Each structure stands twice: as C-alpha cells, then as structure tokens.
Amino acid sequence: MLEAVERKIAQYIAELEDTDAAALYRRLPAGKRLRARLILTIAGSGLPAVETAAVVEMIHAASLLHDDVIDDAFVRRGEASLNALYGNKTAIMFGDVLYSKAFHELVDIDRRIARVISRAVVQLSLGERRDVLLGERFNPDRDAYLGMIYQKTASLIEAASEAAALLAGKRPEPYRTYGRNLGLAFQMIDDLLDITQPSEVLGKPAMHDYEEGKTTLPYITLYECLDEEGRAKLVALHGRRLRPEDQAWILGQMQVHGVLERCYVEARELVEEAMALMEQEGEPNLEAIARKMIERNY
C-alpha cells in the first residue's frame, strides 16, 4: 500500500511542472513512512486515504528540511542533507514548496481532514520555534520538554491517526490518543538512541543532540538525579563539542542512576496505553506498529 502513497507523492511533485523541484525531491530519503502506515492501516487503501497519507508525508518532509537548516544538520539518515548539498536557502524554499503543495491538495480531500491536519501543522511550527528557544540554555523542565515534543513530533502523528479514523467512519477519540502516545514515545526513543547507538547506525555522531543544545529526556532525568556538583558539570557541557571523556562521564552517570532504563519505561508506558486502546478497538495491526516502534534500534 505504501507504493501507492509514493506514486501519489511523485504525481503531486510532477504536477508542479518544475524540473528543479523534481530533482530535489529525488534527493530526499523516504524514511520510515510511519504516518502513512498509520493512515493506511486505519483507513484502508482507498484514494482518500492514499491522498491523505501523501499529504501528511509531504508535510513531514518539509518540516525535516526546515529542521536541518535550524539545527545546522548536514547529514540526514546517513546521507548528506539537502541543505548540505544545495545550501540553506534551497532547503527552506523547497520545504515551503512541499508545504504549499500539500495544503493545496489537502483542501480537496475532506474539510474535516483539512482542519485536523492544518491544526497539527500549526502546532508543529510552534514546536519548532519552542525547540529553538529551549535550546538556548540547559532546560531542566520536564513539562517544557514534553510540551515541545508533543507539538513538534506527536501532533502530526496524532492528526494522521485521527484523520484516518474520520475517513474510515471510526470513533476518532481512541485513535487520536493512540497517535499522541505513539508520537511522544517515538521521540523519546529517538532521544535515547542518540545516546545509546553508534554513529554508523544513527547516521550522525552519538550524543549529537546535546552538542546541538537539545536537552532531551535522558539529560533532564540525569539532572534530577545528580548532586549540585554533578548538575553544574552537566550544564557546563550543554551545547559544547563533547570530548570522549565527557561522553564517558555522561553515559557513566546515566548508568549509575538507571536513567536510560527509566526513560525507556516512560516511553513504553505510553505505548502500552496506546496498544491497550487498539486492542479494545480490534486493531491488532496498530498494536504491532506500536510494538515495533518501541523495540527499534534506529
């Protein structure tokens, strides 16, 4: 079913009648297509579902292009990012092209779907801004982190699940909660993998998030566990190029305090709640997607 989504995105790009845009699109890695998988699993493979999935994936791709510019990220999934290849201006403008084309197609699908997804894109954009603001200094506020990852990551996954339920004539509430929990847990697992996985798996250096100024859940949890001297050291390393001994100290302290296990349990609790909801709705395939997401290593 994902092949139909890929063909629909390619059709939307071709309709732009712009060879430069088509060439840029071909350089984008497809990624996991999690949002498309959710929509097709919930709503089936009819044309409205395929169109909605294509639109959501184009929006997601646009947000990643903007993220790479904001984060000065030159690698995306192990390959040179678009901004590394063609510069920030090209990446930003092509992201705007994807956003614009996605919304152009969205209005013809269903008014309810358009409202759900456009509302999520507003949250996504606010989340991008909030992420930048939180990155200006070490952030020890767990609620601020959770609010930011809801906006930046979970809101679009939540919207994809809710939109698919509306297309399928299903009760949207449990699917909305499922998508929200899955999105929050997805980002938490990403934040853990940034610390635990080698660079050849991640396609970027280990602990790169912290060097960029991102205070993710493991660092917030570690901060809560440390004494005053340890907290001062952790904060002093924030946003700096980490030496091997710095990385070793951070990882060692996380192991001493069981930080990684605690964060994983927090993510798993969200996924288990989502799986329980889908069990009640008779959606074993959605349970399987959630289980696979929490067990992934990249």
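Refer to the preceding data block for the structure.
Residues numbered from 1 in each chain as written. Predicted model: local features only at pLDDT ≥ 70, side-chain atom pairs only at ≥ 80, totals over all residues. Heavy atoms only, no water.

Undergrad: I'm lost on unusual backbone geometry in this one. Help?
TA: What is expected of a backbone is that most residues other than glycine have negative phi and most peptide bonds are trans. Positive phi, normally seen in glycine, also occurs at R33, with a value near 55°. Following the sequence through the fold, R33 ends up in the loop between α2 (19-26) and α3 (34-43). In this structure, D72 takes a positive phi of about 55° despite not being glycine. Structurally, D72 is set in the loop between α4 (47-70) and β1 (75-76). (Helix = DSSP H or I, 4+ residues; strand = E, 2+ residues; numbered from the N terminus.)

Undergrad: Would you take a moment to explain helix α9 (residues 172-196) for this structure?
TA: Along an α-helix, residues three or four apart share an orientation, since each turn contains 3.6 residues. Relative to the 36 Å expected for 25 residues at 1.5 Å per residue, α9 spans 36 Å between its end C-alpha atoms, a close match to the ideal helical length. Most of α9 is tucked away, with 19 of its 25 residues classed as buried. (Expected span 1.5 Å × (residues − 1). Buried < 20%, exposed > 50% of the residue type's maximum accessible area, 1.4 Å probe, protein only.)

Undergrad: Explanation requested: the side chain of D194 in the structure shown.
TA: Within the element layout of this structure, D194 appears in helix α9. Residue D194 is classed as buried on the basis of its relative accessible area, which comes to 1%. At 3.3 Å, the side chain of D194 forms a polar contact with the backbone nitrogen of D209. (Polar contact = N/O pair within 3.5 Å; in protein donor to acceptor, adjacent residues only side chain to side chain.)

Undergrad: In this structure, what is going on with the side chain of K214? I would like to understand it.
TA: Position of K214 relative to the elements: it lies in the loop between α11 (208-212) and α12 (217-225). What makes K214 buried here is its relative accessible area of 17%. Each residue touching K214, except ones within four places of it in the same chain, is listed here: D71, D131, K152, D209, Y219 and H238. (Contact = heavy atoms within 4.5 Å.)

Undergrad: Help me understand helix α6 (residues 88-106) in this model?
TA: Between its first and last C-alpha atoms α6 spans 27 Å; for 19 residues at 1.5 Å apiece the expected length is 27 Å, and the two agree. If you check which residues of α6 are buried, you get A91, F94, G95, L98, Y99, K101, A102, E105 and L106.

Undergrad: What am I meant to see in the packing of α3 against α4 here?
TA: The geometry of a pair of packed helices is captured by two quantities: the angle between their axes and the separation between those axes. Following both chains from N to C, one finds α3 and α4 inclined at 160°, their axes separated by 8 Å at the closest point. With respect to their mutual orientation, α3 and α4 come out roughly antiparallel. Here α3 and α4 pass one another in a crossing that is right-handed. Within the contact between the two elements, α3 uses L34, R35, A36, I39, L40 and A43 and α4 uses A49, V50, T52, A53, V56, E57 and H60. Within the contact of α3 with α4, the residues separate by chemical class into 9 nonpolar, 2 polar and 2 charged. (Axes fitted to C-alpha atoms, helices over the stretch in contact; angles between N-to-C directions. Parallel < 35°, antiparallel > 145°, perpendicular 65-115°, else oblique. Left-handed = near helix turned anticlockwise from the far one by under 90°. Nonpolar A, V, L, I, M, F, W, Y, C, P; charged D, E, K, R; others polar.)

Undergrad: Any chance you could explain the nonpolar core here in plain terms?
TA: A general trend in soluble globular proteins is that nonpolar side chains are found buried together. Ranked by size, the top nonpolar core spans 92 residues in total, and within it Y178, L234 and I250 carry the most contacts. Top element by residues in this core is helix α8 (residues 142-168). It accounts for 12 residues. The residues contacting Y178, other than those within four sequence positions of it, are L38, S161, A274, L277, M278, L286, I289 and A290. (Core = buried A, V, L, I, M, F, W, Y, C linked by side-chain atoms within 4.5 Å.)

Undergrad: So what exactly am I meant to see when it comes to the packing of aromatic side chains here?
TA: Using the criterion set out here, one finds 3 aromatic pairs in the structure. When the centroid spacing of 6.4 Å and the interplanar angle of 80° are considered together, the rings of F138 and Y210 count as edge-to-face. With F138 in the loop between α7 (111-134) and α8 and Y210 in helix α11, this residue pair connects regions lying 72 residues apart in the sequence. With relative accessibility at 11%, the residue F138 sits in the buried group. (Phe/Tyr/Trp six-rings, centres within 6.5 Å; stacked < 30°, edge-to-face > 60°.)

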